[in-house]
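# Structural overview for review
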Amino acid sequence: MNIDPWHVFTANFGMVPKPYTAFVTLLDMILFFVVSLKVATARGKHKVQAPATDGPEIFQRIFRVQMNTLEQLVQHLPLLWIAAFAMDDVFAAAFGCIWTLSRILYARGYYRKAKSRHKGFLIGLAVNVVLLIGALAGTIASF
């Protein structure tokens, strides 16, 4: 009878196969939580009731940061994990950290004014291209 379904008290606890990539993934999730919380706060401050997404320009920028981050996460996370397994944990995690920092740069710029978002966006895009190439090369080499 298994009384520990999450294996917290077993020898396997803490044995994540790609710990650096897992840590970066958690950082990405914290980032998404923070930008989502910022939207919730902005809804209250600017009186934008859900499900509305239209409001003052500052609210729209805050909302777009959240949505663009979600859109980018959809491609970033699979590329990050495939690169971690196909190439190397540290390789993927290093580029994953750069991606996370690029999203912070993107958000800070976009919160100030819409035209200030490009640098963070382009850095994140470049990171995802590198992860795609690494994931593709490592996967093809596995055949």
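Worth saying up front: this structure is predicted, and the values here are computed from it rather than measured.

Procedures and definitions
- Residues numbered from 1 in each chain as written.
- Predicted model: local features only at pLDDT ≥ 70, side-chain atom pairs only at ≥ 80, totals over all residues.
- Heavy atoms only, no water.
- Axes fitted to C-alpha atoms, helices over the stretch in contact; angles between N-to-C directions.
- Helix = DSSP H or I, 4+ residues; strand = E, 2+ residues; numbered from the N terminus.
- Parallel < 35°, antiparallel > 145°, perpendicular 65-115°, else oblique.
- Left-handed = near helix turned anticlockwise from the far one by under 90°.
- Contact = heavy atoms within 4.5 Å.
- Nonpolar A, V, L, I, M, F, W, Y, C, P; charged D, E, K, R; others polar.
- Salt bridge = Lys/Arg side-chain N within 4 Å of Asp/Glu carboxyl O.
- Buried < 20%, exposed > 50% of the residue type's maximum accessible area, 1.4 Å probe, protein only.

## Observations concerning the packing of helix 3 (residues 89–112) against helix 4 (residues 118–141)
Running from N to C, helix 3 and helix 4 point in directions that differ by 160°, and their axes come no closer than 7 Å. On the basis of their axis angle, the class for helix 3 and helix 4 is roughly antiparallel. Both helix 3 and helix 4 take part in a crossing whose hand is left-handed. Contacts between helix 3 and helix 4 involve Phe-91, Ala-92, Phe-95, Ile-98, Trp-99, Ser-102, Arg-103, Leu-105 and Tyr-106 from the first element and Lys-119, Gly-120, Phe-121, Ile-123, Gly-124, Val-127, Asn-128, Val-130, Leu-131 and Gly-134 from the second. Residue composition of the contact of helix 3 with helix 4, grouped by class: twelve nonpolar, five polar and two charged.

## Topic: the pattern of salt bridges
The full count for this structure, using the stated rule, is two salt bridges. One salt bridge in this structure joins Arg-61 and Glu-57, with 2.9 Å as the shortest N-O distance. Placement of both Arg-61 and Glu-57 in helix 2 (residues 57–86) is noted, with a separation of four residues, approximately one turn of the helix. What makes Glu-57 exposed here is its relative accessible area of 53%. A salt bridge links Glu-71 to Arg-64; its shortest N-O distance comes to 3.3 Å. Residue classification places Glu-71 among the partly exposed residues on the basis of a relative accessible area of 42%.

So, to be careful, I would describe these as geometric facts and stop short of saying anything about function.
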